[in-house]
Amino acid sequence: MKKYLSIIAALALAVPAMAQSDTIPASFPGGEKALSSYINKNLKYPQPSINNGIEGVVQVKFLVKSDGALDKLSIVRLVDPDLEAEAIRLVKGMPAWIPATVNEKPIDSESSVKITFTLPE
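Residues numbered from 1 in each chain as written. Predicted model: local features only at pLDDT ≥ 70, side-chain atom pairs only at ≥ 80, totals over all residues. Heavy atoms only, no water.

J.: Hey, could you go over the nonpolar core for me, with residue numbers and the actual values?
T.: Ranked by internal contacts, the top residues of the largest apolar core, which has 21 residues, are Met 94, Trp 97, Val 113 and Ile 115. Listed by contribution, the elements that provide at least two residues to this core are α2 (31-42), β2 (56-64), α4 (81-92) and β6 (109-117). With five residues, the top contributor of residues to this core is α4. With residues up to four places along the chain from it excluded, the contact list for Trp 97 reads Ala 26, Ser 27, Phe 28, Pro 29, Phe 62, Val 64, Gly 68, Leu 70, Ser 111 and Val 113. (Core = buried A, V, L, I, M, F, W, Y, C linked by side-chain atoms within 4.5 Å. Buried < 20%, exposed > 50% of the residue type's maximum accessible area, 1.4 Å probe, protein only. Helix = DSSP H or I, 4+ residues; strand = E, 2+ residues; numbered from the N terminus. Contact = heavy atoms within 4.5 Å.)

J.: Give me the lowdown on the packing of aromatic side chains, citing residues and values where you can.
T.: Here the structure, examined in full by the defined rule, presents four aromatic pairs. Centre to centre, the rings of Phe 28 and Tyr 38 are 5.8 Å apart; their planes meet at 45°, and the pair counts as tilted. Here the residue Phe 28 occupies a position in the loop between β1 (23-24) and α2, and Tyr 38 occupies one in helix α2, the gap between them amounting to ten residues. Tyr 38 matches Phe 28 in its accessibility class, with the two residues each being buried. Relative to Phe 117, the ring of Tyr 45 has its centre 5.5 Å away and its plane inclined at 85°; by these criteria the two rings are edge-to-face. One end of the pair, Tyr 45, is in the loop between α2 and α3 (47-51); the other, Phe 117, is in strand β6, with 72 residues separating them in the sequence. (Phe/Tyr/Trp six-rings, centres within 6.5 Å; stacked < 30°, edge-to-face > 60°.)

The structure is reproduced here in C-alpha cells:
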C-alpha cells in the first residue's frame, strides 16, 4: 500500500509541472530600446504644460489584442490633462505590438507604458 501512495504522490507533484504553460508577455516591436526611441522621437510636449512648468510621468494601460492591435487605453497615473492627452496620442500612434503568447498561441493581454515628461533646461 505504501508503494501505491508514493506513486500517487509522485504523480500529483508531476501534474502541476506539466500543466505550466510557456507564457511570453506582449512587447513593443524591437524591445525596450525601440519603445524608448519611438517615445523620444514622437513626443510633443504640450505648450500649456511647458508654460505652467508641469512635469511628470503618465502611465497608460492598454489591452494588446492577439493581433497586436492596442485597445481600451486608460490613464493609470494622472498628472495633467494636457500631458495625459499627449500620452494617449503617443500610444494610439504606436505600431502593432507583438502579442503575448501562451504555448506559442497569441492571446489578448494587458500592458502599460510610462511616459516621462521632463521640461527642457
